[in-house]
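# Inside the fold
Listed here are the chains, written in short residue letters.
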Amino acid sequence: ILLHLPTERLESAAGRRALLPALAAAAETGRIRLLFERDESPLLATPLFRTAVATQPGEAAVPVAGTVALNVGVLGAENARSESAVLEALDSAIVTGVKALRQKRTFLGALQADPSGPLYRVAAGARPLVSGGSGFDLVHLVGVNSAARRMAHEPGDVGRLAGRLRSYAAVRIAEEGRKVRLRTLLAAERDGDAARRFAVADRQRFEDFAAYSDENVYLDEEPWPLPEGAGFPGAESSLEPVSGTLRIRFPREEAPPPETLYAAAGALARDPRVHTLVLTPWPDRSVQSNVPAPGET
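Residues numbered from 1 in each chain as written. Predicted model: local features only at pLDDT ≥ 70, side-chain atom pairs only at ≥ 80, totals over all residues. Heavy atoms only, no water.

In this structure the tally under the stated criterion is 13 salt bridges. Two residues, Arg 252 and Glu 28, come together in a salt bridge whose shortest N-O distance is 4.0 Å. One end of the pair, Arg 252, is in the loop between β10 (245-251) and α9 (258-269); the other, Glu 28, is in helix α1 (residues 13-29), and 224 residues separate them in sequence. A residue is classified by how much of its surface remains accessible, and Glu 28, at 36% relative accessible area, is partly exposed. Put simply, Asp 208 and Arg 150 hold a salt bridge, and the shortest N to O gap is 3.2 Å. Taken together, the residues Asp 208 in the loop between α8 (193-205) and β8 (222-223) and Arg 150 in helix α6 (residues 144-151) connect sequence positions 58 residues apart. Residue Asp 208 is classed as partly exposed on the basis of its relative accessible area, which comes to 33%. Beyond isolated ion pairs, a larger network of salt bridges with shared partners links Asp 91, Arg 172, Glu 175, Glu 176 and Lys 179. (Salt bridge = Lys/Arg side-chain N within 4 Å of Asp/Glu carboxyl O. Helix = DSSP H or I, 4+ residues; strand = E, 2+ residues; numbered from the N terminus. Buried < 20%, exposed > 50% of the residue type's maximum accessible area, 1.4 Å probe, protein only.)

Attention shifts here to the packing of aromatic side chains. Using the criterion set out here, one finds one aromatic pair in the structure. When the ring of Phe 232 is compared with that of Phe 250, the centres are 6.0 Å apart and the planes differ by 75°; the resulting orientation is edge-to-face. Of the two residues, Phe 232 is situated in the loop between β8 and β9 (236-240) and Phe 250 in strand β10; the sequence distance between them amounts to 18 residues. An identical accessibility class is assigned to Phe 232 and Phe 250; each is buried. The positively charged end of Arg 183 is found above the aromatic ring belonging to Phe 136, 4.6 Å away from the centroid. Directly above the aromatic system of Trp 282 lies the positively charged group of Arg 249, at a separation of 4.2 Å from the ring centroid. (Phe/Tyr/Trp six-rings, centres within 6.5 Å; stacked < 30°, edge-to-face > 60°. Lys NZ or Arg CZ within 6 Å of the ring centre and 35° of its normal.)

Moving on, we come to the confidence of the model for the chain. Confidence in the prediction of the chain, expressed as mean pLDDT, is 83, and 85% of residues score 70 or more. Taking the mean pLDDT of every element in the chain, the minimum, 53, falls on helix α5 (residues 127-130) and the maximum, 95, on helix α7 (residues 157-179). (pLDDT = per-residue confidence, 0-100.)

Looking now at the sheet that holds strand β2 (residues 33-37). Across the sheet, six strands lie side by side as β1-β2-β11-β10-β9-β8; this open sheet has mixed pairing. Each end of this open sheet is capped by a strand with a single partner; those strands are β1 (2-6) and β8. With two bridges connecting them, β8 and β9 associate as antiparallel partners. What sits directly across from Pro 223, in β9, is Ser 238. (Pairing = 2+ DSSP bridges.)

Our focus in this paragraph is the environment of Leu 101. Structurally, Leu 101 is set in helix α3 (residues 83-112). Residue Leu 101 is classed as buried on the basis of its relative accessible area, which comes to 3%. Placed 37 residues apart in sequence, Leu 101 and Leu 138 show a C-alpha to C-alpha distance of 8.7 Å.

What follows is the structure, given as structure tokens:
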């Protein structure tokens, strides 16, 4: 569930009354995302990306047709401490990735046009996702922080270099997409599957892999200190910089009261780097299966 929060209304009495139960539900379930809206333009927002796309009332969300992940961590390993070489390699990877997205659409379009083909039903089911140039195509960057650590000469350079890689990629991804009539966006990877697969391969390739990758390997979430008045005991926070998603993780039995969360939301709404707030209680609740395991009765 994604709740749009106009920041100019958060501190009003009506905004407070509406937000307190929503924050309580977010802290209880961990399934509600709070999106801060700082202007009047409508936003299309998903767990992967946010963009100011005007939509008509009642219109369905614009679909995502395809995704591709680029291993930026390996580019940093192969071109350590050379910013220009990494950017050149990243540019080549972006061109190849966008071309793959275009070829995927072309391939599925050809399958749709042949009812006698073996994969016609599969392709026909994807028709809403690949119709012409509609929808978005996403490009995920994996291992940006790892690449930045390899390139950095001083510890303070890591954040600057990571931001430069993301900014450069965002512009080039959009440019290459326009060349092939696609709306391509830089987007965060939602489930971390590509990050884990790339990490396994790179750990085998590079002896110094551990020196440039933390426990989250290539997930690229960065520790984020909460502003004064927004923190509470036992909480850990991390920011996913591409989507601007701040995740606050806390023990479920120590969940803060709605009033504390309201103060935190108000403080974070004033930080332009934070676009989305996710409250994550731990451990997460899951539905346990009643089916007995083999050998049990």
